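# An overview of the molecular structure
These are the residues of each chain, in order.
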Amino acid sequence: EAGVAQSPRYKIIEKRQSVAFWCNPISGHATLYWYQQILGQGPKLLIQFQNNGVVDDSQLPKDRFSAERLKGVDSTLKIQPAKLEDSAVYLCASSLLSGRAGYGYTFGSGTRLTVV
Amino acid sequence: AQTVTQSQPEMSVQEAETVTLSCTYDTSESDYYLFWYKQPPSRQMILVIRQEAYKQQNATENRFSVNFQKAAKSFSLKISDSQLGDAAMYFCAYRNRIQGAQKLVFGQGTRLTINP
């Protein structure tokens with residue numbers, strides 16, 4: 001079974017520029033998550049999709065962050081304009097949609113963003 | 001809202017010895033999952049062990065075991081016979097066990113160093 005694919009692996013941009021990250025979840029996983037992990041901290045959920053609908057985006061800074069999941073498969077997370085405090089690892093994860101919430105949750109290797 | 005706290009930013013242990021990582025959490029739910037994830041420098045979150053709150057028996061996976069104290073809301077990870085490959089960041093995480101996919105709530109992490 002292929003894992004969760006993310007690209008790019010690294011990205012360096014200047015503040016006020018824009019950037020986009022891509023995620024391809026495991027085939028058949030209805031739910032997709034984007035987490036932000038600032039250095040020295042645990043991951044924090046930015047947005048959760050169920051198929052192509054948003055379930056939870058309460059922690060997403062909507063003035064600068066946006067995300068979409070076309071056709072309920074791939075997803076793109078965008079930041080425009082970027083700030084220095086956006087420097088972090090952006091992790092994508094996917095899971096099965098089922099009542100057994102403890103199973104089938106897989107992470108990608110993340111994109112490390114540095115804003116200078 | 002649920003919170004997860006890891007009070008040990010760093011821990012170290014001699015190779016082949018035993019180490020225990022601490023985690024406490026806060027929730028008003030009675031049915032949930034708890035996890036320990038390992039994050040090596042590759043950044044991918046790897047599931048180490050999982051505990052279902054309704055089970056009284058502590059989970060065990062080879063050299064990894066947990067001490068789950070539901071009333072105290074404590075969930076510690078014990079690593080026996082530590083190996084150099086165990087060196088990584090370890091995150092405690094919580095997830096509600098209700099119908100449908102649910103987000104993970106992470107602690108701040110503990111960096112584990114294994115001394116040869």
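Refer to the preceding data block for the structure.
One structure accompanies this document, and this report is about it. (Residues numbered from 1 in each chain as written. Chains lettered and ligands numbered in written order. Predicted model: local features only at pLDDT ≥ 70, side-chain atom pairs only at ≥ 80, totals over all residues. Heavy atoms only, no water.)

Here the focus is the interface of chain A and chain B. The interface of chain A with chain B comprises 31 residues on the first partner and 24 residues on the second. Across the interface of chain A and chain B, roughly 2100 Å² is buried in total on both sides, 49% from carbon and sulfur atoms. One can count 1 salt bridge joining chain A with chain B. Between Lys103(B) and Asp56(A) there is a salt bridge, with its nearest N and O atoms 3.7 Å apart. For the pair chain A and chain B, the number of links is 8 residue pairs in polar contact (both at pLDDT 80 or more). Looking at side-chain class alone, the side of chain A that touches chain B contains 13 nonpolar, 14 polar and 4 charged residues. (Contact = heavy atoms within 4.5 Å. Buried area = accessible area lost by both parts, 1.4 Å probe. Salt bridge = Lys/Arg side-chain N within 4 Å of Asp/Glu carboxyl O. Polar contact = N/O pair within 3.5 Å; in protein donor to acceptor, adjacent residues only side chain to side chain. Nonpolar A, V, L, I, M, F, W, Y, C, P; charged D, E, K, R; others polar.)

A few words on the side chain of Thr27(B). With respect to the helices and strands, Thr27(B) occurs in the loop between strand 4 (24-26) and strand 5 (32-39). Only 3.1 Å separates the side chain of Thr27(B) from the backbone nitrogen of Glu29(B), close enough to count as a polar contact. (Helix = DSSP H or I, 4+ residues; strand = E, 2+ residues; numbered from the N terminus.)

In this section: the layout of surface pockets. If you roll a probe as big as a water molecule over the atoms, it shows you where there is empty space left. Taken as a whole, the largest pocket spans an internal volume of roughly 500 Å³. Lining the largest pocket are 25 residues; nearest its centre among them are Leu39(A), Gly40(A), Gln39(B), Met89(B) and Arg111(B). Breaking the lining of the largest pocket down by element, the ones donating at least two residues are strand 9 (88-95) and strand 11 (111-115) of chain A together with strand 10 (88-96) and strand 12 (110-115) of chain B. Classifying every residue of the lining of the largest pocket gives 13 nonpolar, 8 polar and 4 charged. Approximately 420 Å³ is the volume found for the second largest pocket. Breaking the lining of the second largest pocket down by element, the ones donating at least two residues are strand 4 (31-37) and strand 5 (44-50) of chain A together with strand 1 (3-5) and strand 11 (105-106) of chain B. Among the residues making up the lining of the second largest pocket, the classes are represented as 9 nonpolar, 8 polar and 2 charged. (1 Å grid on protein atoms, 1.4 Å probe; cavity = no way out; pocket = protein on both sides within 12 Å on 5 of 7 lines; lining within 4 Å. Points joined across faces, edges and corners; volume = space filled by probe spheres on them.)

Next up on the list: the pairing of strand 12 of chain B. For a regular strand, side chains alternate in direction, first toward one face of the sheet and then toward the other. All names here are of chain B. Burial along strand 12 is one-sided: the residues Thr-110, Leu-112 and Ile-114 are buried and none of Arg-111, Thr-113 and Asn-115 is. Two elements, strand 2 (residues 10-14) and strand 12, share 5 bridges in a ladder whose sense is parallel. Counted as the bridge partner of Glu-10 is Arg-111 from strand 12. Here 3 bridges tie strand 10 to strand 12, and the two strands are oriented antiparallel to one another. From the neighbouring strand, Ala-88 faces strand 12, where its bridge partner is Leu-112. (Buried < 20%, exposed > 50% of the residue type's maximum accessible area, 1.4 Å probe, protein only. Pairing = 2+ DSSP bridges.)

A few words on the state of the cysteines. The full count for this structure, using the stated rule, is 2 disulfides over all chains. Disulfide pairing is shown between Cys23(A) and Cys92(A); the S-S distance is 1.9 Å. Between Cys23(A) and Cys92(A), the S-S dihedral sits near -70°, and the bridge is therefore left-handed. Pair noted here: Cys23(A) is in strand 3 (residues 19-24) and Cys92(A) is in strand 9, with a separation of 69 residues, a long-range link. Across the pair, exposure class does not vary: Cys23(A) and Cys92(A) are buried alike. In this model Cys23(B) forms its disulfide with Cys92(B); the gap between the sulfur atoms is 2.0 Å. (Disulfide = S-S within 2.5 Å.)

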